Structures are given as C-alpha cells and as structure tokens.
Amino acid sequence: MWGFHTAEEENPWWQVDLGEVAPLAQIRVWNRCEPESMAHRASRFRILLSADGGTWQQAYQHDGTVFYGYHMPDRHPLAVDLSGQRARFVRIQLPGKVFLHLDEVEVIRADK
C-alpha cells in the first residue's frame, strides 16, 4: 500500500542520512497508488540535498504530473537524474499543508 505516511502537516518531509557525503546518480520514487485517487498528492514533491543536515539545496521539483509505482500496470518508479550532485542527506518534501506518503524511495550512488 505505502511505505510511510505523515499526518496532514505544513511542508511534510521524509529524509535519509547516507552516512557520508557521496555523489548521487539517481533517486527513484514509487508513489502510493492504492487507492489510485491518492497518487496526485505527491505530484509537487521536491528533492532537497544537504552535506550537513542544516543547509539544504533544492535539486528537483516534480512538475505536477501524477506518477505511480509497484501497484500500477507499468510498475516503474519516477527516476530523477542527479548527475553526480553530492550529499549526505536526501530529503523529499511537499510544499503546503498536506499529507506525504510514498511506497518506496531508492537513492542510487554515482560511480566514484
């Protein structure tokens, strides 16, 4: 169904600490798709990167199109190319007072 779900809150986010600053190739995001009517909630998500967990840089903002994941016929995640940007912390955040819920997030390290 989904991997995590926040309450309805201001600018909800999910993040991961990679343990060290690393070059990143890609982030793959699988959306919550059950019920399918909930998939639109993540359509404006942002990816923020940080080396220290205090200063953040926006690396991506989704364009508003609905994307899906495991439980839909294509079973493909949304793949965001990060072209070797470096970070220790990766945050996915939604603007506004909303719910944030996704099925899975995969952070792919770039070759050194």
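Structure: above.
Residues numbered from 1 in each chain as written. Predicted model: local features only at pLDDT ≥ 70, side-chain atom pairs only at ≥ 80, totals over all residues. Heavy atoms only, no water.

The backbone of Asn11 sits at a positive phi, close to 50 degrees, despite the residue not being glycine. Along the chain, the position of Asn11 falls in the loop between strand E2 (9–10) and strand E3 (13–31). Here Ser83, not a glycine, exhibits a phi torsion of approximately 50 degrees, which is positive. Along the chain, Ser83 falls in strand E6 (residues 78–93). (Helix = DSSP H or I, 4+ residues; strand = E, 2+ residues; numbered from the N terminus.)

Moving on, we get to the pairing of strand E5 (residues 57–61). On a regular strand, one side chain projects to one face of the sheet and the next to the other, so that they alternate. In this sheet, E5 lies alongside strand E4 (residues 46–50) in antiparallel orientation, the contact comprising four bridges. Bridge pairing in E5 places Ile47 opposite Tyr60. (Pairing = 2+ DSSP bridges.)

What follows covers the sheet that holds strand E8 (residues 101–109). Read from one edge to the other, the open sheet built from six strands follows the order E1-E8-E3-E6-E4-E5, with strand pairing classed as antiparallel. Across the chains shown, the open sheet's two edge strands, defined by having one partner strand only, are strand E1 (4–5) and E5. Two strands pair when backbone bridges link them, and E1 and E8 are joined in this way by two bridges, in the antiparallel orientation. Note that in E8 the partner of His5 across the bridge is His101.

Let us look at the pairing of E8. Alignment of E3 against E8, held across seven bridges, turns out to be antiparallel. Bridge assignment links Trp30 to a residue of E8, and that residue is Glu104.

Next up on the list: the side chain of Asn31. Here Asn31 lies in strand E3. The exposure class assigned to Asn31 is buried, which follows from its relative accessible area of 1%. A polar atom in the side chain of Asn31 sits 2.9 Å from the backbone oxygen of Phe67. Not counting residues within four places of it along the chain, the set of residues in contact with Asn31 comprises Ala39, Ala42, Phe67, Tyr68, Gly69, His101, Leu102 and Asp103. (Buried < 20%, exposed > 50% of the residue type's maximum accessible area, 1.4 Å probe, protein only. Polar contact = N/O pair within 3.5 Å; in protein donor to acceptor, adjacent residues only side chain to side chain. Contact = heavy atoms within 4.5 Å.)

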